[in-house]
Amino acid sequence: MESASRDELREVQNSRLRAAVQNAYENVDFYRETFDEHGLTPDDIESVEDLSKLPFTTKENFRDNYPTGMFAVEMDDVVRIHASSGTTGKPKIVGYTRDDLDVWSKAVARCLVAAGIGADDVVQNAYGYGLFTGGLGLHQGVEELGATVIPIGGGNTQRQVEMLDDLGSDVISCTPSYALYLAEVADDMGIDVRDLPLRTVIFGAEPCTEPMRNEIEERLGVTGIDIYGLSEIVGPGVSIECEEQDGLHIWEDYFYPEVIDPNTGDPVAEGEEGELVLTTLAKDALPVLRYRTGDLTTLNYDTCECGRTCVRMDNITGRSDDLIIVRGVNFYPSEVESVVLEFDEVAPHYRIDLRREGNLDQLEITVELVEDFDGSSTDLETRIGKRLSNVLSFTPDELNLVEYGDIARTEVGKVQRVYDHRGQ
Ligand SMILES: [Zn+2]
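None of these values were measured; they are calculated from a predicted model.

## Section: the sheet that holds strand E20 (residues 418-420)
In spatial order, the strands read E19-E18-E17-E20; together these four strands make up an open sheet with mixed pairing. In the strand order of this sheet, the two ends are held by strand E19 (398-402) and E20, each with one partner. The mean inter-strand angle of the sheet, taken between neighbouring strand axes irrespective of direction, is 15°. Of the pairings in the sheet, the one linking strand E17 (residues 346-357) to E20 comprises three bridges and is parallel in character. Counted as the bridge partner of Ile352 is Val418 from E20.

## Looking at helix H8 (residues 210-220)
What H8 keeps buried is the set Met212, Arg213, Ile216, Glu217 and Leu220. Buried residues along H8 cover an arc of 135° about the axis, so they all sit on one side. Tucked inside the fold, the buried residues of H8 contact helix H7 (176-188), strand E6 (200-203), strand E7 (223-230), strand E8 (235-241), helix H9 (333-340) and E17. Taken from the residues just after H8, Gly221 is the one with a positive phi, measuring 65°.

## Focus on the domain arrangement of the protein
It is common to give the size of an interface as the accessible area lost on bringing the parts into contact. Considered domain by domain, the protein is made up of domain 1 (1-319) and domain 2 (323-420). Look at where the C-alpha atoms of domain 1 and domain 2 centre, and you get two points 29 Å apart. Tallying the contact residues gives 22 residues for domain 1 and 17 residues for domain 2. In total, about 1600 Å² of surface goes out of reach between domain 1 and domain 2, with carbon and sulfur atoms giving 55% of it. Joining domain 1 to domain 2, the criterion identifies one salt bridge. For Arg409, the salt bridge is made with Glu184, and the minimal N-O distance between the two is 2.8 Å. Connecting domain 1 to domain 2 are seven residue pairs in polar contact (both at pLDDT 80 or more). Of all the secondary-structure elements, those providing two or more residues to the side of domain 1 that touches domain 2 are H7 and H8. Among the elements that take part in the side of domain 1 that touches domain 2, H7 stands out by supplying five residues, more than any other.

## Let's talk about a nonpolar patch on the surface
There is a patch of nonpolar side chains on the surface, built from Met75, Ile81 and Leu131 and spanning about 270 Å² of accessible area. Tracing the backbone shows Leu131 in the loop between strand E3 (122-125) and helix H5 (133-145). The class of Leu131 is exposed, set by a relative accessible area of 53%.

Conventions used here
- Residues numbered from 1 in each chain as written.
- Predicted model: local features only at pLDDT ≥ 70, side-chain atom pairs only at ≥ 80, totals over all residues.
- Heavy atoms only, no water.
- Pairing = 2+ DSSP bridges.
- Helix = DSSP H or I, 4+ residues; strand = E, 2+ residues; numbered from the N terminus.
- Axes fitted to C-alpha atoms, helices over the stretch in contact; angles between N-to-C directions.
- Buried < 20%, exposed > 50% of the residue type's maximum accessible area, 1.4 Å probe, protein only.
- Arc of directions from axis to C-beta.
- Contact = heavy atoms within 4.5 Å.
- Domains from an automatic or database assignment.
- Buried area = accessible area lost by both parts, 1.4 Å probe.
- Salt bridge = Lys/Arg side-chain N within 4 Å of Asp/Glu carboxyl O.
- Polar contact = N/O pair within 3.5 Å; in protein donor to acceptor, adjacent residues only side chain to side chain.
- Patch = residues over 30% accessible without salt bridge, like charges linked within 9 Å, V, L, I, M, F, W, Y side chains within 5 Å.
- Areas by Shrake-Rupley, 256 points an atom, 1.4 Å probe, with all protein chains shown as cover.

Written out as structure tokens, the structure reads:
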């Protein structure tokens, strides 16, 4: 399916979509009511072109139907539960039948192959295990492929380094910020990760800009491959970069993508940026139709150099939820990241603090100097400030340069870089 012709793929998508719609309508009250409200029946959705007749599914729909109201099967048929970390309120609970787990494993195994990983490789899985889909999701994909998985989970960084060394892991899966932290800890232990067999880092769960990827590749002597997914759709494995590192292939026979204007909900022209919307085509326990992911991307339908015909999406560097608005200026944390990492004197660690003084928003950016910094920090501050004003059209109220190691590292879970104190 990865290199099927577009026509062949479309046929599979349409027949799977009809089954998914039928399943959702017959077995999920939320979908039946939604169809009824819009005067639709499953017969109105014959092909993916008909999907635009349907309204979107949103995070709020998951919240309103907490815990298992979005499930299409009885709990008897659910063999696994996961949950997405809700930053506010209840988490989103997701469930899988045995067949769903099989689809998920295959999707992740395909990802690994696309990333150049084979059955003779050793994969150290440093994603968190537990309710978070990252750990077990990656794990079962490695087993499906027949490679060796080391289920070390998040944290225990010294032990991670020892395992990399002792077992000669070829691949590690973790967040981008953790990959850098791992290199720092290894340095402290007198080990240069570049001397180890490690050759690939599969990173996900956090946005990662190109400069950050370059930093990881250089520091660890690896190829950095971006994987994408979300619990509501399946978990990691919706898409991944192939070795060309030129966009993430979406497994379109399992997940149907659309890109919409987040304000109007209308589809954008091919190649234009918008919000990614996904429909599951092969999941029984939790069929999801037109889910608004909140992630901004573009789609590229050209056949990739690797030979795969599956559409490619751009790296996600902005979630519509992450947009920062300060005194009427909008920007994404990733834009700040791209700018500060242009400076060789700056380590790849930063934080953004937002405060309100009186009625005025205050923006404070803190960046870390490299370990062996010996220049003038006043001069560097001026240059970074200028670059931020030029590129992002704002000048931070405060720009702090702190010493190497002063910004807290994240060992488990996703790194936090933006601290919004304005509501407090
Ligand atoms: Zn490719």
